[in-house]
Number of protein chains: 2
Amino acid sequence: MASIKDVAAEAGLSVATVSRALNGHPSVSPAARRRVLAAVEALGYRPNAVARSLRTDQTRTLGLVISDVMNPYFTELARSVEEEARALGYSVIIGNADERPELQDHHVTTLLDRRIDGLLLSPTDGGSPRMLDAARAGTPMVFVDRWIPGVDVPVVRSDGQTAVRDLVAHLYRLGHRRLAIIAGPAATTTGRERVDAFRAALRAHGLELPDAYIGQGDFQADSGRRVTEGFLDLAEPPEVVFAADNLMALGALDALRARGLRVPDDIALAAFDDIPWFVHTDPPVTAIAQPTGALGRAAVRALVDRIEGRPGESVTLPARLVVRRSCGEPAPSPSPVRRSTS
Amino acid sequence: MASIKDVAAEAGLSVATVSRALNGHPSVSPAARRRVLAAVEALGYRPNAVARSLRTDQTRTLGLVISDVMNPYFTELARSVEEEARALGYSVIIGNADERPELQDHHVTTLLDRRIDGLLLSPTDGGSPRMLDAARAGTPMVFVDRWIPGVDVPVVRSDGQTAVRDLVAHLYRLGHRRLAIIAGPAATTTGRERVDAFRAALRAHGLELPDAYIGQGDFQADSGRRVTEGFLDLAEPPEVVFAADNLMALGALDALRARGLRVPDDIALAAFDDIPWFVHTDPPVTAIAQPTGALGRAAVRALVDRIEGRPGESVTLPARLVVRRSCGEPAPSPSPVRRSTS
DNA sequence: CTGAAAGCGCTTACAG
DNA sequence: CTGAAAGCGCTTACAG
């Protein structure tokens with residue numbers, strides 16, 4: 001592969017001048033610039049980003065470590081992150097932690113070894129030493145969706161409290177009194193917050209959230225299945241299952257279907273995180289929609305701000321309830337398909 | 001950030017010895033190794049992968065350019081690619097082309113500039129000059145899922161012919177005679193092949209595939225919606241719509257629902273690519289399942305073979321039909337949930 | 001077993 | 001406006 005030296009030779013100039021011409025440095029004569037461009041063209045030269053990074057100490061690359069790429073919510077988040085980053089002149093390398101702390105650490109380490117300029121993190125757990133070290137060492141970092149309390153890093157997330165309150169009001173109005181939740185891992189903020197919001201909303205209606213109605217999931221489908229089966233085996237099963245993410249809702253649907261139960265007639269279902277498929281499931285699933293695209297973009301802007309020496313602030317955007325049929329509400333007539341616009 | 005020089009100073013050794021100790025070179029005394037490790041620990045040293053790459057001329061990184069991350073099929077492919085790559089000691093950088101040739105080229109260029117060791121490609125189009133150049137220049141490359149004829153690069157893909165034949169036989173048995181397809185872009189192999197396989201299977205039953213029953217989609221949901229509306233506006237609409245991927249099937253469902261049509265009573269629907277949600281859609285969707293995980297792993301192995309100087313062969317794996325209710329078949333009783341095991 | 005030195009491909013003060 | 005030279009952080013023949 002042709003190097004800058006080859007270009008210099010071909011153009012009859014020094015590598016310094018070639019470098020300047022290629023980087024749009026002002027003090028290069030039009031003639032020199034022309035010869036450089038011609039040589040580049042002739043040789044099919046492309047600058048070596050590795051060498052440039054070593055020299056300039058910047059990679060123009062962002063690392064994004066997410067808990068689970070297979071989760072449509074995170075897929076969409078990743079996509080918006082990449083788009084915004086590209087618009088700002090950065091590439092992004094995605095690390096999929098698969099909800100496994102060791103894998104998350106592996107990716108953080110790999111990314112840091114590659115000297116990415118900044119890190120976007122949606123932690124799988126309460127924060128490993130590796131991550132905390134990176135934060136303390138001053139690596140530009142931003143948390144998205146999930147975060148770690150007590151670490152001085154901006155957080156870009158959505159607030160589901162109001163939406164959860166709306167959901168519970170909706171459920172109460174439909175006559176449901178025994179409401180259960182499939183929670184995410186307690187080590188994650190979203191795992192805890194969604195349970196807390198749910199409990200608070202229930203309390204406002206004079207309802208309790210007994211321990212038996214809090215199932216411990218891990219944000220993945222299998223756990224939704226398992227927890228739902230546990231609920232159904234209870235002497236007094238809940239009337240509603242609220243899954244704290246869309247994959248656990250998928251698992252819950254699997255479990256309900258395996259038992260031959262009808263939703264919402266036999267049991268109601270709702271989910272945190274809205275996805276296009278929820279419009280077409282049997283029945284359409286009532287869900288809480290996050291402004292996913294906006295979150296991804298805001299997170300990138302905050303991170304790039306940090307990288308480039310500007311403040312870089314935390315952002316909280318509201319989530320909202322999207323009512324469909326899975327909790328018992330009659331379908332609002334064949335209205336136009338509603339979809340999360342994020 | 002501490003460099004190898006700092007470690008050498010701390011350990012009282014030369015950088016050469018530190019480097020050797022860190023790379024497991026045999027000729028390092030146990031004492032020296034111990035001192036290096038202690039210094040590394042004390043300094044929190046982590047080797048700079050950028051510098052190492054520049055020196056060794058290898059990045060231990062694979063590039064993966066896929067047509068659309070938001071498509072669950074490609075998400076799963078990307079995940080299996082990353083897993084297998086990690087197992088073989090490689091990282092992967094994903095570029096999402098979003099079915100846009102210019103974006104695909106952008107990613108290929110960026111990846112090449114970063115000097116990735118090899119490229120995994122699922123081309124959005126018939127092959128841009130940039131891609132062809134890379135292939136000709138000897139960059140280790142492998143096509144996954146989609147490929148470009150006439151380029152000497154291994155292809156890892158699945159063959160859907162038998163499954164499509166099974167699908168058409170299934171549809172024929174159910175009494176359907178007017179079958180339409182929402183095709184992918186003609187510039188892609190999967191876009192063409194699926195139509196060809198469908199037409200051939202129809203012919204085997206003495207059926208035609210009129211042009212009006214071939215809708216031009218782009219593998220994304222909106223096009224599925226648009227094409228389906230076109231079908232429904234026909235004087236003689238089809239009895240079956242076969243979407244060449246899962247996102248266009250989603251669009252088709254949207255369109256059908258907007259018109260208040262029932263599936264399969266008013267019109268049947270089938271899709272290429274199976275996804276977990278198809279079990280829970282209304283109705284469950286009959287689909288052709290690819291061995292996605294196996295494809296991703298095989299592609300990585302082929303690419304790494306090429307990179308490390310071994311042959312690296314093409315692989316073709318069969319897809320298979322998964323019958324559900326969207327074409328009219330009565331549900332095969334509440335059997336255990338079937339799911340693609342890939 | 002260890003170290004001094006060259007070199008990977010760039011960028012960028014420093015001189016002219 | 002241009003070039004010679006240093007240096008980013010590593011690895012690896014080459015000597016010893």
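Residues numbered from 1 in each chain as written. Chains lettered and ligands numbered in written order. Predicted model: local features only at pLDDT ≥ 70, side-chain atom pairs only at ≥ 80, totals over all residues. Heavy atoms only, no water.

Draft legend 1. The arrangement of the domain arrangement of chain A in detail. For chain A, the domain assignment lists domain 1 (4–47), domain 2 (57–157 + 292–317) and domain 3 (159–290). With centres defined by C-alpha atoms, the gap from domain 1 of chain A to domain 3 of chain A works out at 62 Å. (Domains from an automatic or database assignment.)

Draft legend 2. Main features of the interface of chain A and chain B. With 51 residues of chain A in contact, the opposing surface of chain B contributes 51 residues. Surface buried jointly by chain A and chain B totals about 4,800 Å² across both partners, of which 59% is contributed by carbon and sulfur atoms. Three residues, R115(A), W277(A) and H280(A), lead the burial of chain A against chain B; their summed loss comes to 17% of the area buried on that side. Here D113(A) and R46(B) are joined by a salt bridge, their closest N and O atoms 2.6 Å apart. Joining chain A to chain B, the criterion identifies 16 residue pairs in polar contact (both at pLDDT 80 or more). When residues of the side of chain A that touches chain B are traced back to their parent elements, those giving at least two are helix 4 (49–56), helix 5 (72–87), strand 2 (91–96), helix 6 (101–113) and helix 11 (246–258) of chain A. (Contact = heavy atoms within 4.5 Å. Buried area = accessible area lost by both parts, 1.4 Å probe. Salt bridge = Lys/Arg side-chain N within 4 Å of Asp/Glu carboxyl O. Polar contact = N/O pair within 3.5 Å; in protein donor to acceptor, adjacent residues only side chain to side chain. Helix = DSSP H or I, 4+ residues; strand = E, 2+ residues; numbered from the N terminus.)

Draft legend 3. Structural view of the side chain of S223(A). For S223(A), the position within the fold is in helix 10 (residues 221–233). Judged by relative accessible area, S223(A) falls into the buried class, the value being 1%. (Buried < 20%, exposed > 50% of the residue type's maximum accessible area, 1.4 Å probe, protein only.)

Draft legend 4. Layout of the protein's contact with DNA strand C. The full set close to DNA strand C counts 27 residues, and I4(A), S19(A), R55(A), T17(B) and R20(B) are the nearest of them. Close to the protein, within 4 Å, the atoms of DNA strand C belong to sugar or phosphate groups at a rate of 59%. At 3.2 Å from a phosphate oxygen of DNA strand C is found a main-chain nitrogen or oxygen belonging to N48(A). The set of elements that each furnish at least two residues to the surface near DNA strand C consists of helix 1 (4–11), helix 2 (15–22) and helix 4 of chain A together with helix 2 (15–22) and helix 4 (49–56) of chain B. The greatest single-element share of the surface near DNA strand C, amounting to five residues, is contributed by helix 4 of chain A. (Near = heavy atom within 4 Å.)

Draft legend 5. Inspection of the pairing of strand 2 (residues 91–96) of chain B at higher detail. All names here are of chain B. Most of strand 2 sits out of view: five of its six residues are buried. Note that strand 1 (residues 61–66) and strand 2 share six bridges and pair parallel. Across the sheet, the residue bridging to T61 is S91, located in strand 2. This β-α-β element, strand 1 to helix 5 (residues 72–87) to strand 2, shows right-handed connectivity. (Pairing = 2+ DSSP bridges. Right-handed = clockwise from strand over helix to strand, strands pointing away.)

Draft legend 6. Representation of unusual backbone geometry within the structure. Residues and elements named next belong to chain A. In the segment running from V263 into P264, the intervening peptide bond is cis, with an omega of 5 degrees. Its place among the elements puts P264 in the loop between helix 11 and strand 9 (268–272). With a phi close to 75 degrees, F219 is a non-glycine residue in the positive phi region. Among the secondary structure elements, F219 is positioned in the loop between strand 7 (214–216) and helix 10.

Draft legend 7. Summary view of the protein's contact with DNA strand D. Neighbouring DNA strand D are 27 residues, the closest being T17(A), R20(A), I4(B), S19(B) and R55(B). Backbone sugar and phosphate groups make up 59% of those atoms of DNA strand D lying within 4 Å of the protein. Mapped onto the surface near DNA strand D, the elements with two or more residues apiece are helix 2 and helix 4 of chain A together with helix 1 (4–11), helix 2 and helix 4 of chain B. Looking at the surface near DNA strand D, the element that brings in the most residues is helix 4 of chain B, giving four residues.

Draft legend 8. Broad picture of the sheet that holds strand 12 (residues 320–322) of chain B. Residues and elements named next belong to chain B. Ordered in space as 7-6-8-9-10-12, the six strands form an open sheet in which the pairing is mixed. Of all the strands in the sheet, the pair left with one neighbour each is strand 7 (214–216) and strand 12. Strand-to-strand, the axes of this sheet are offset by a mean angle of 20 degrees, without reference to chain direction. (Axes fitted to C-alpha atoms, helices over the stretch in contact; angles between N-to-C directions.)

Draft legend 9. Structural context of the relation of the copies chain A and chain B. Superposition of chain A onto chain B requires a rotation of 180 degrees combined with a translation of 0.0 Å along the rotation axis, giving an RMSD of 0.0 Å. Seen this way, the second copy is the image of the first under a two-fold rotation axis. Of the C-alpha atoms belonging to chain A, the one lying closest to the rotation axis is found on T281(A), 1.9 Å away. (Least-squares fit on C-alpha atoms with pLDDT ≥ 70 in both.)

Draft legend 10. Fine view of the nonpolar core. Within the largest apolar cluster, 100 residues are counted, with the highest numbers of intra-cluster contacts made by F198(A), I288(A), F198(B) and I288(B). Those residues in contact with F198(B), other than ones at most four positions away along the chain, are V164(B), V168(B), L179(B), A180(B), I181(B), L209(B) and F242(B). By size, the runner-up hydrophobic cluster in this structure holds 37 residues, among which are V155(A), L112(B), A134(B) and V155(B). (Core = buried A, V, L, I, M, F, W, Y, C linked by side-chain atoms within 4.5 Å.)

Draft legend 11. Layout of the environment of L111(B). All names here are of chain B. Secondary-structure assignment places L111 in helix 6 (residues 101–113). According to the relative accessible area criterion, L111 is buried, its value standing at 4%. Separated by 34 residues in the primary sequence, L111 and L77 place their C-alpha atoms 19 Å from one another. The residues contacting L111, other than those within four sequence positions of it, are G63, L64, V65, I93, I116 and L119.

Draft legend 12. Layout of helix 7 (residues 129–136) of chain A. Residues and elements named next belong to chain A. Of the residues making up helix 7, those classed as buried are M131, A134 and A135. Projection of helix 7 onto a plane perpendicular to its axis shows the buried side chains occupying an angular sector of 100 degrees, all on one side. Turned more than 90 degrees from where helix 7 packs its buried face, P129 and R136 sit exposed. If you follow the buried residues of helix 7, they end up packed against helix 6, strand 3 (118–121) and strand 4 (141–144). At the exit of helix 7 stands G138, carrying a positive phi of roughly 90 degrees. (Arc of directions from axis to C-beta.)

Draft legend 13. Highlighting the pattern of salt bridges. Residue and element names in this part refer to chain A. Per the counting criterion, the structure on display carries 40 salt bridges over all chains. A salt bridge links E82 to R86; the nearest nitrogen and oxygen atoms lie 3.0 Å apart. Of the two residues, E82 and R86 both sit in helix 5, four residues apart, roughly one turn of that helix. For E82, a relative accessible area of 13% corresponds to the buried category. R86 sits in the partly exposed class, given a relative accessible area of 22%. Look at the salt bridges and you will find they share partners, linking R60, D305, E308 and R310 into a network.

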